[in-house]
Amino acid sequence: MAESIKRVGVIGAGAMGCGVAHVSAIAGYDVHLIDIGKQQIERGLATINGNLARQVTSGKLSDDDRKKALKLITASTDLQDLASADIVIEAITEDEAEKRALYARLCPILKPETLLASNTSSFSITRLAAATDRPERFMGVHFMNPVPVMELVELVRGIATDEATFETAREFVRALGKTPTVSEDFPAFIVNRILLPMINEAIYVLYEGVGTVDHIDTAMKLGARHPMGPLELADFIGLDTCLSGMQMLHEGLADNKYRPCPLLVKYVDAGWLGRKSGRGFYDYRGEDPVPTR
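Each value, and the rule that gives it
- Residues numbered from 1 in each chain as written.
- Predicted model: local features only at pLDDT ≥ 70, side-chain atom pairs only at ≥ 80, totals over all residues.
- Heavy atoms only, no water.
- Buried < 20%, exposed > 50% of the residue type's maximum accessible area, 1.4 Å probe, protein only.
- Helix = DSSP H or I, 4+ residues; strand = E, 2+ residues; numbered from the N terminus.
- Contact = heavy atoms within 4.5 Å.
- Domains from an automatic or database assignment.
- UniProt positions renumbered as here; feature names shortened; annotations may be inferred.
- Core = buried A, V, L, I, M, F, W, Y, C linked by side-chain atoms within 4.5 Å.
- Pairing = 2+ DSSP bridges.
- Axes fitted to C-alpha atoms, helices over the stretch in contact; angles between N-to-C directions.
- Salt bridge = Lys/Arg side-chain N within 4 Å of Asp/Glu carboxyl O.
- Parallel < 35°, antiparallel > 145°, perpendicular 65-115°, else oblique.
- Left-handed = near helix turned anticlockwise from the far one by under 90°.
- Phe/Tyr/Trp six-rings, centres within 6.5 Å; stacked < 30°, edge-to-face > 60°.
- Lys, Arg positive; Asp, Glu negative; His and termini not counted.
- Polar contact = N/O pair within 3.5 Å; in protein donor to acceptor, adjacent residues only side chain to side chain.

*Asks:* Is there a simple way to explain helix α9 (residues 230–237) in this structure?
*Replies:* In terms of burial, α9 is a largely internal element, six of the eight residues being buried. Among all positions in α9, only Pro 230, Leu 231, Glu 232, Leu 233, Ala 234 and Asp 235 are buried. Those residues of α9 hidden inside the fold are in contact with α7 (191–207), α8 (213–223), α10 (239–253) and β9 (282–283). After α9 finishes, the residue Gly 238 shows a positive phi value of roughly 110 degrees.

Below, the structure is given as C-alpha cells:
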C-alpha cells in the first residue's frame, strides 16, 4: 500500500468510479464514494456488491475478502466527507466544464497535501490542473473499463505535476494490483489514441459498405485475435463516448485522419449509443444482440 495514502475518495458512482472504489477497497484502502444523488449512490453500491459477488463465484475472491471490502466502502452525496482523503480520484462525466466546476468546489475542502487525480480518458491534464489550487499535486490516473478486470492504468503528468506526486500515484496504482504505463499529456493519451481511430475506421468500413457489422467483427476477432470486434467494443464503450474522443483527437491534433465517421455521428444523433441505450451497432432489446446493419 502506498504509505502516504490511507483514505481514498472517489467522485462519480458510474461504471468507472465504482470500479475504482471496488479495487481500492480490495487492496485494503478506506474508500469514500461520492455522487450527486442518493439514487446514483444506491445504484453504484449495488453494482460494486454484484461485481464482488461475481468475483467470489468465479473463485477470484474469497467471501471473507468480499465482506472486508464492502466494510471499507462508505458513500454519500456530500463533498465535505472527502476532507480527510489522502487522494481523490475524479471519475465524473467527460465534460471539461463540469470537471472544472467540481474542482472549484472540491479544492477548498481538501487537505493541502491531498493528491487530486482525474480518470479522464482524453482531456489535457495540464489544463485541468490549472483549474485547481494544486497543479503540482494533480495528475491523470486513467483506469480502463471494466476496472476490476483490466490490468492497465495510464499515468499522465501535467506540466506542473511534481515528481513526488507521480511516484505516489504510481505506487498507489501498483498497490491496486494494476500495471501503470506512462503517457505524455497529448489528446487521448496512448490507449485511446490508438483504439478510437481503429474503431472509427471500422465504422467507415461499415459506412462504405465494405462489410456488414457481423462480418467486420468476425474478421477482427478471428483475423486479428481481438477478443471483441471493434463495433461490439464501440457499443460497449458507448458511441457518444467514442464520438467525443474522436472529436477531441480531430480538434486537438488538427489532422483529418481523426475525422469522426458520419455514420457514428448519425447513430449518436439517433440516441443509439450502444449497450447502455439498448441499440447501437447491435440491437440489445431481445434475448440475443442482433446487428443493426
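*Asks:* For this particular structure, what's the right way to read the domain arrangement of the protein?
*Replies:* Frequently, the measure chosen for interface size is the accessible area removed from exposure when the parts meet. Domain parsing of the protein yields domain 1 (7–184) and domain 2 (192–291). Summarising the inter-unit geometry, the C-alpha centres of domain 1 and domain 2 are found 27 Å apart.

*Asks:* I would appreciate a short explanation of the UniProt feature "site: Important for catalytic activity" (unreviewed entry) in the protein in the present structure.
*Replies:* The sites that UniProt annotates as "site: Important for catalytic activity" (unreviewed entry) are His 142. Setting aside anything within four residues of it in sequence, one finds His 142 in contact with Ser 118, Asn 119, Thr 120, Ser 121, Leu 152, Val 153, Glu 154, Phe 189 and Asn 192.

*Asks:* What is the right way to look at the nonpolar core in this model?
*Replies:* Nonpolar side chains in soluble globular proteins tend to end up buried together. Formed by 34 residues in total, the largest nonpolar core has its most connected members in Val 8, Val 31, Ile 89, Val 141, Phe 143 and Phe 172. Listed in part, the 27 residues of the second largest apolar core include Leu 196, Leu 239, Phe 281 and Tyr 282.

*Asks:* Looking at this structure, how should I read the sheet that holds strand β7 (residues 152–157)?
*Replies:* The pairing of strands in a sheet happens through backbone hydrogen bonds and is either parallel or antiparallel. Ordered in space as β3-β2-β1-β4-β5-β6-β7-β8, the eight strands form an open sheet in which the pairing is mixed. Edge positions in the open sheet fall to β3 (73–76) and β8 (179–183), since each of these has one partner strand only. Recorded for the sheet is a direction-independent mean angle of 25 degrees between the axes of neighbouring strands. Summarising the sheet, strand β2 (residues 30–34) and β3 pair through four bridges and their orientation is parallel. When the bridges of β3 are listed, His 32 appears paired with Thr 74.

*Asks:* Help me out: how do you make sense of the pattern of salt bridges in this one?
*Replies:* As a working rule, side chains carrying opposite charge can pair if their charged atoms are close by. Going through the model one piece at a time under the given rule, you end up with 13 salt bridges. For Arg 134, the salt bridge goes to Asp 133, with nearest N and O atoms at 2.8 Å. The buried category is assigned to Arg 134, whose relative accessible area is 2%. The class for Asp 133 is partly exposed, based on a relative accessible area of 48%. Its salt-bridge partner being Lys 276, residue Asp 240 comes within 2.9 Å of it at the nearest N-O pair. With Asp 240 in helix α10 and Lys 276 in the loop between α11 (262–269) and β9, the pair connects residues that are 36 residues apart, well separated along the chain.

*Asks:* Sorry, what's going on with the packing of helix α1 (residues 15–26) against helix α2 (residues 38–57) here?
*Replies:* A pair of packed helices is characterised by two quantities: the angle between their axes and the separation of those axes. Axis separation between α1 and α2 bottoms out at 10 Å; the angle between their running directions is 50 degrees. Relative to α2, the element α1 lies oblique. Relative to α2, α1 is oriented so that their crossing is right-handed. Of α2, the residues touching α1 (which contributes Cys 18, Ala 21, His 22 and Ile 26) are Gly 44, Ile 48, Asn 51, Leu 52 and Gln 55.

*Asks:* Could you clarify how one ought to interpret the packing of aromatic side chains in this entry?
*Replies:* One pair of aromatic rings is described through two measures. These are the centre distance and the angle between the planes. Across all of its chains, the model carries six aromatic pairs by this definition. Between the aromatic rings of Tyr 103 and Phe 138, the centroid separation amounts to 5.5 Å while the plane-to-plane angle is 70 degrees, which identifies the pairing as edge-to-face. Of this pair, Tyr 103 sits in helix α4 (residues 96–106) while Phe 138 is found in strand β6 (residues 138–143), placing the two residues 35 residues apart along the sequence. Per residue, the accessibility class of Tyr 103 equals that of Phe 138, and both read buried. Taking the centre distance of 5.6 Å and the plane angle of 90 degrees together, the rings of Tyr 267 and Trp 272 count as edge-to-face. Through pairs of rings, three or more aromatic residues link up here, namely Tyr 267, Trp 272 and Phe 281.

*Asks:* How should the side chain of Lys 178 be read in this particular structure?
*Replies:* Tracing the backbone through its elements, the reader meets Lys 178 in the loop between α6 (163–175) and β8. Glu 151 is the oppositely charged side chain nearest to the buried, salt-bridge-free Lys 178, at an N-O distance of 8.0 Å. A polar contact is formed between the side chain of Lys 178 and the backbone oxygen of Val 147, at a distance of 2.5 Å.

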